[in-house]
Amino acid sequence: MSFLLGPVSGALVAGGIYYGFSNLIQARTRELSTDLHIQSTLLLHSPTPSWISTYPSPAASRIEHKPFLSLLQAKWNEQVEHAFVWTSQSDKHVSDAAGEFSQWAGRKLTGKD
């Protein structure tokens, strides 16, 4: 019977820890949900304070447009695009040239030229 004492006591301790954490999580979730509901209700139903006469302008309207920087970025992107196009075309040309060379070498080796 003593060989069951260890596993049973371990299971009992693990169950107690699980139960304790489960209750703690449920209680905190309930508290946070209640607090969030209260804050939401206060925010929706509270009048606007008199000291707020105007709201700040939206962030999109506060962005400064810098034409030189935009031009520089556009040119950079264009050059990078040209580099990628050149690389992809050069790969195609190299593979075509390698194919033509292999055909030529095959003809030379077999004497069918």
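Analysis parameters
Residues numbered from 1 in each chain as written. Predicted model: local features only at pLDDT ≥ 70, side-chain atom pairs only at ≥ 80, totals over all residues. Heavy atoms only, no water. Helix = DSSP H or I, 4+ residues; strand = E, 2+ residues; numbered from the N terminus. Rg over C-alpha atoms; globule rule 2.2 N^0.38 Å. Buried < 20%, exposed > 50% of the residue type's maximum accessible area, 1.4 Å probe, protein only. Areas by Shrake-Rupley, 256 points an atom, 1.4 Å probe, with all protein chains shown as cover. Lys, Arg positive; Asp, Glu negative; His and termini not counted. Charge placed at Lys NZ, Arg CZ, Asp CG, Glu CD. Phe/Tyr/Trp six-rings, centres within 6.5 Å; stacked < 30°, edge-to-face > 60°. Patch = residues over 30% accessible without salt bridge, like charges linked within 9 Å, V, L, I, M, F, W, Y side chains within 5 Å. Salt bridge = Lys/Arg side-chain N within 4 Å of Asp/Glu carboxyl O.

If you check an unreviewed UniProt entry, the chain appears there as MICOS complex subunit MIC12 from Lentinula guzmanii.

## Digging into the overall build of the chain
When its secondary structure is counted, the chain shows two helices and zero strands. A globule of 113 residues ought to have a C-alpha radius of gyration of about 13 Å, yet the chain, at 37 Å, is considerably larger. Taking the principal axes of the C-alpha coordinates as reference, the chain spans close to 90 × 80 × 20 Å. Within the chain, the fraction of its 113 residues that count as buried is 0%. Here the chain has roughly 10,800 Å² of accessible surface; of this, 67% comes from carbon and sulfur atoms. Once the 9 positive and 9 negative side-chain charges of the chain are each reduced to a mean point, those two points are 3 Å apart.

## Focus: the packing of aromatic side chains
For the structure shown, the criterion picks out one aromatic pair. Relative to W104, the ring of F101 has its centre 5.8 Å away and its plane inclined at 35 degrees; by these criteria the two rings are tilted. With a gap of three residues between them, F101 and W104 both fall in helix α2 (residues 67-110), about one helical turn apart. Classification of F101 by relative accessible area gives exposed; the value is 54%.

## Structural notes on a nonpolar patch on the surface
A grouping of V13, I17, F21, L24 and I25 is seen on the molecular surface, where their side chains present a nonpolar patch of about 490 Å² in accessible area. Tracing the backbone through its elements, the reader meets I17 in helix α1 (residues 2-45).

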